[in-house]
Amino acid sequence: MDFGLNEQQRQVRDRAAALAREVVAPRAAAIDRKGTYPQDLFEAFRDAGFLGLAFPEEFGGSGAGTLGLALAIEEVAKYCSSAGLLLLTTRLATAGIQMAGTPEQRERYVRGVATGRLRGAFALTEPEAGSDAVNIATTARRDGDGWMLDGMKLWAGQATVADFVIVVAKTNPEAGARGVSAFVVDLPNPGCRIVRELPKMGVLGVPVVEILLDACRVPLSALLGEENHGFRLVMRHLNVVRPLVAARGVGLAAGATQYALAYAQQRRTFGRPIIEHQAIAFKLAEMAMGVESARLLTHRAAWLVDQGGSDREIAHFLSLAKAQASETAVRVSEEALQILGGYGYLKDYATERYYRDAKQLTLVEGTSEIHRMIISRALADGTLDWGCDANAIGGLPNDERDRARRDAMIHAAQGE
Ligand SMILES: Cc1cc2nc3c(=O)[nH]c(=O)nc-3n(C[C@H](O)[C@H](O)[C@H](O)COP(=O)(O)OP(=O)(O)OC[C@H]3O[C@@H](n4cnc5c(N)ncnc54)[C@H](O)[C@@H]3O)c2cc1C
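Computed from a prediction, not measured in an experiment: that's the story for all the values here. (Residues numbered from 1 in each chain as written. Predicted model: local features only at pLDDT ≥ 70, side-chain atom pairs only at ≥ 80, totals over all residues. Heavy atoms only, no water.)

A. Geometry of the nonpolar core. F45, L87 and F164 are the most contacted members of the largest nonpolar core, which totals 85 residues. If you tally residues by element for this core, the top one is helix α7 (residues 230–266), at 15 residues. Residues in contact with F45, not counting those within four places in the same chain, are L19, V24, F50, L51, V76, A83, L86 and L87. Formed by 21 residues, the second largest nonpolar core is a distinct cluster that contains L149, F183, L213 and A222. (Core = buried A, V, L, I, M, F, W, Y, C linked by side-chain atoms within 4.5 Å. Buried < 20%, exposed > 50% of the residue type's maximum accessible area, 1.4 Å probe, protein only. Helix = DSSP H or I, 4+ residues; strand = E, 2+ residues; numbered from the N terminus. Contact = heavy atoms within 4.5 Å.)

B. Structural view of the site of the ligand. Near the ligand lie 16 residues; those nearest to it are F122, T125, S131, T367 and E369. Take F122: an N or O atom from its main chain is 2.8 Å from a nitrogen atom of the ligand. Separating an oxygen atom of the ligand from a side-chain N or O atom of T367 is a distance of 2.6 Å. Burial of the ligand by the protein chains amounts to 64% of its free accessible area of 970 Å². Every element with two or more residues in the shell around the ligand is listed here: β1 (120–123), β3 (146–157) and α11 (368–380). For the shell around the ligand, the leading source of residues is β3, giving 3 residues. For the shell around the ligand, the residue count by class is 9 nonpolar, 6 polar and 1 charged. (Near = heavy atom within 4 Å. Polar contact = N/O pair within 3.5 Å; in protein donor to acceptor, adjacent residues only side chain to side chain. Areas by Shrake-Rupley, 256 points an atom, 1.4 Å probe, with all protein chains shown as cover. Nonpolar A, V, L, I, M, F, W, Y, C, P; charged D, E, K, R; others polar.)

C. Quick look at unusual backbone geometry. At the junction of L187 and P188, the peptide bond is cis and its omega measures out at 0° in the coordinates. Among the secondary structure elements, P188 is positioned in the loop between β5 (180–186) and β6 (192–197). You will see that A215, though not glycine, has its phi angle at about 50°, which is positive. Looking at the element boundaries, A215 is found in strand β7 (residues 208–219). Positive phi outside glycine occurs at E365, with the angle close to 50°. Within the element layout of this structure, E365 appears in the loop between α10 (351–361) and α11.

D. Fine view of α10. In terms of burial, α10 is a largely internal element, 8 of the 11 residues being buried. Taken as a whole, α10 has its buried residues at T351, E352, R353, Y354, R356, D357, A358 and L361. Those residues of α10 hidden inside the fold are in contact with α1 (7–34), α4 (81–92), α7 and α9 (311–339).

E. Spatial organisation of the side chain of T94. Structurally, T94 is set in the loop between α4 and α5 (95–100). Here T94 falls in the buried class, since its relative accessible area comes to 0%. With sequence-adjacent residues up to four places away left out, T94 is seen in contact with F55, Y109, V110, V113 and H237.

Structure follows, in structure tokens:
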């Protein structure tokens, strides 16, 4: 077993840590306050080669893989969740294209995003279909030498600055999951209109929007992968992104913990620093337990994606990491706020921003409830087990042995 990073991964982490501290951290509060997309950080990431971290060199990337990108996101998210999300969108926009795109699509969009020439968005969710994504109502129908898309998409992140958007639509509405296809829609497109920016609670540097697809015409070449096979593609696409969401949670939780620790060492009550009150020291210890366990799960999840395991084999590990890291971020950021006392509640200090930003993580890329469904199903069907024979632990209430024992007792009692 080797818990160490290789040379390339260490370099990525160290470069990201330096950029995060020197360039991202000084901007974080203002990005939140103004709620505008941080174009300067996008350019800084582009110039540092961070937009291409996850991509192979053949597409202009640096081949650091999902783990390399996760490490960079973790460093950046220690200071600014919006900046972490900005890095994540490089994969959110392209994972499916890299998996199933034509050579032309890969060359255009994957290389475009890796080099910072293009930005993409991903539009699956609709007003009446989120977790239950098979239920989407957007349709795509063949129309001469193209496709016509109609419907409404909610939540497409970063679409205000995007050059293309992946749109998931029904191509055979009667066929359920077997009638879904994905399309790459180049922007601007007169049939694809941003109706409004959604007024959200946190992660204010990356806008999310409502999109109206009204007779949105795209060429035949916009189809991503095979017609009617889009649902599985989108699920595989989301799997790749989950460790990256987890990395945002780990970074946020680590940042909140260090911030609260620094305050706990300096703030004095009843004659001593508050870290010397056991209630505060134990809070910090529990925050560290959360960060470290989420971090291990997240690094393993990213590593598993890079190993290319089948979705069935790895999906529950991705869910474990995503759910654990996002919930750790919520819990830890709340405790950090509590450690700052009343100051924690003020916009003057970072904890209220961390708290608001953290909550987004339990909702995106599968809610916490959906991840619990995936994990509990893997337990029930034996995909997730620890090689332990439950029967060897002992009998279960009302199993055959237990009944026989009880019957024997009853017979013995009756025989008396
Ligand atoms: C800030 C932000 C950014 C986003 N960015 C994007 C994006 O870029 N692209 C995109 O396509 N989408 C995006 N989303 C949408 C996100 O993926 C959805 O919000 C999410 O999938 C949940 O869908 P929903 O909001 O419709 O909730 P619903 O699916 O309606 O769920 C409502 C509640 O019921 C629970 N629930 C649902 N089904 C079950 C079940 N079977 N068992 C138990 N509980 C269940 C959910 O966990 C949740 O608590 C974004 C969301 C947010 C908040």
